[in-house]
Amino acid sequence: MSDISIPVGARELPGYLAVPEGEGPWPGVVIVFEAMGANDDMRAQADRFAAHGYLAVLPDLYDGAPWVRCVTKAMRDMRAQRGPTFDHIEAARAWLAGRDDCTGGVGVCGFCMGGGFALVAAAKYDFEAAAANYGILPRRPEESLRGACPIVGSYGAADPSLRGAAGRLERALTAAGVTHDVKEYPGTGHGFLTDLTPPPPFGPIAKIVMGFGKGRENAPDGWSRILAFFGEHLAKKSTT
């Protein structure tokens, strides 16, 4: 596990690379972080993928700047479905796919804000599989997700900020003919797949607005679905 630099045009973007044990090549995964940036919790998700045989990179889409200064601009890029944040995600995918220890097949896994980026990137770039975890849906999802790679999505029914998102995503992917597995967990809020605790003063607000902290007992099932889905659509395909 190491800090790395990802070429983006004439400059470099910082990132974190988690490498599986043993000898590659391995399929790759780009981790797209939640709103609070490339913190220890997001690095732990890269480590999780590496432990399951994936070469995982977490690009610092904020380029080392504090998240509070960058989140608004990133969200603007996500809603526009274009901009520097998407350029950085694609640069991370291309860099990972071009490594000698990568099979060339790469997936994308996003959390919260990153889940929204992962949905758009699933159709915009050459990913083999995508995991969108409590991600905001793009505008006109049936149109935006047409031609997307297979998508696995996980949402919480007790997340007021994304009420009905799982159902809308299910319908959009079905209409677009995209292979998918979308599940909404009862009694579950935002952020249930990781151990993140929002810092003060955001913690109490997140509990009210997003149901943060509810339903973390469903994390094992969520991760089992993600890993099985990537195993079928990314890892298996990369070895054939």
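Residues numbered from 1 in each chain as written. Predicted model: local features only at pLDDT ≥ 70, side-chain atom pairs only at ≥ 80, totals over all residues. Heavy atoms only, no water.

In the nomenclature of an unreviewed UniProt entry, the protein chain corresponds to Carboxymethylenebutenolidase from the organism Actinomadura luteofluorescens.

1. Side note on the overall build of the protein chain
Across its full length, the protein chain carries eight helices and eight strands. Taken over the C-alpha trace, the protein chain has a radius of gyration of 16 Å; the compact-globule value for 240 residues is 18 Å, and the two agree within 12%. Seen through its C-alpha atoms, the protein chain measures out along the principal axes to roughly 45 × 40 × 35 Å. For the protein chain, buried positions account for 55% of its 240 residues. Excluding contacts between residues fewer than 6 apart, the proportion of contacts in the protein chain whose partners are at least 24 apart in sequence is 71%. Accessible surface, the protein chain: about 10300 Å² in total, of which carbon and sulfur atoms supply 52%. (Helix = DSSP H or I, 4+ residues; strand = E, 2+ residues; numbered from the N terminus. Rg over C-alpha atoms; globule rule 2.2 N^0.38 Å. Buried < 20%, exposed > 50% of the residue type's maximum accessible area, 1.4 Å probe, protein only. Contact = heavy atoms within 4.5 Å. Areas by Shrake-Rupley, 256 points an atom, 1.4 Å probe, with all protein chains shown as cover.)

2. Focus: a nonpolar patch on the surface
A cluster of nonpolar side chains, contributed by I205, I208 and V209, occupies part of the molecular surface with about 300 Å² of accessible area. Relative to the elements of secondary structure, V209 occurs in helix α7 (residues 202-210). (Patch = residues over 30% accessible without salt bridge, like charges linked within 9 Å, V, L, I, M, F, W, Y side chains within 5 Å. Salt bridge = Lys/Arg side-chain N within 4 Å of Asp/Glu carboxyl O.)

3. A few points about the packing of helix α2 (residues 67-80) against helix α3 (residues 84-97)
Where α2 meets α3, the axes come as close as 8 Å, and the angle between the chain directions of the two elements is 80°. As summarised for this structure, α2 and α3 are arranged roughly perpendicular, according to the angle between their axes. From α2, A74, D77 and M78 reach across to α3, where they touch P84, T85 and F86. The residue inventory of the contact of α2 with α3, partitioned by class, reads four nonpolar, one polar and one charged. (Axes fitted to C-alpha atoms, helices over the stretch in contact; angles between N-to-C directions. Parallel < 35°, antiparallel > 145°, perpendicular 65-115°, else oblique. Nonpolar A, V, L, I, M, F, W, Y, C, P; charged D, E, K, R; others polar.)

4. Concerning the nonpolar core
A general feature of soluble globular proteins is that nonpolar side chains tend to end up buried together. Counting residues in hydrophobic clusters, the biggest one holds 82 residues, and the most contacted among them are F49, V57, M113, F127, I151, Y155 and F230. Leaving out residues up to four positions away in the same chain, F127 has contacts with V30, I89, R93, V106, G107, V108, A121 and C149. (Core = buried A, V, L, I, M, F, W, Y, C linked by side-chain atoms within 4.5 Å.)

5. Observations concerning the state of the cysteines
In this structure the tally under the stated criterion is zero disulfides. The thiol of C102 is not disulfide-bonded; the next cysteine sulfur, from C149, is found 15 Å away. Given a relative accessible area of 7%, C102 falls into the buried group. Of all cysteine sulfurs in the structure, the one in C109 sits closest to C149, which takes part in no disulfide; the separation is 12 Å. Looking at C149, the relative accessible area reads 8%, which means it is buried. (Disulfide = S-S within 2.5 Å.)

6. Re the sheet that holds strand β1 (residues 2-8)
Pairing within the open sheet is mixed, and its eight strands lie in the order β1-β2-β4-β3-β5-β6-β7-β8. The sheet terminates laterally at β1 and β8 (180-185), the two strands that pair on one side only. Averaged over all pairs of adjacent strands, the angle between strand axes in this sheet comes to 25°, irrespective of strand direction. In this sheet, strand β2 (residues 11-18) lies alongside β1 in antiparallel orientation, the contact comprising seven bridges. The partner of V8 across the bridge, within β2, is R11. Running at roughly 135° to strand β5 (residues 102-111), helix α4 (residues 113-124) makes contact with β3 (26-32), β5, β6 (130-133) and β7 (151-156) of the sheet. Sitting on the sheet, helix α6 (residues 165-176) is in contact with β7 and β8, with an inclination near 165° to β8. (Pairing = 2+ DSSP bridges.)

7. Things to note about the environment of D181
You can see D181 is positioned in strand β8. Between the C-alpha atom of D181 and that of G15, which follows or precedes it by 166 residues, the distance is 29 Å. Sequence-distant contacts of D181, defined by excluding residues within four places in its chain, comprise I151, V152, G153, R225 and F229.

8. Let's talk about the side chain of Q81
On the secondary structure map, Q81 appears in the loop between α2 and α3. Residue classification places Q81 among the buried positions, given a relative accessible area of 19%. Dropping the residues within four chain positions of it, Q81 is found in contact with F86, V120, K124, P138, R139 and S144.

9. Side note on the environment of Q45
Structurally, the position occupied by Q45 is in helix α1 (residues 40-51). Sequence separation of Q45 and Y16 is 29 residues, and the distance between their C-alpha atoms is 11 Å. Here Q45 is in contact with I31, F111, T194 and W223, once residues within four sequence places are set aside.

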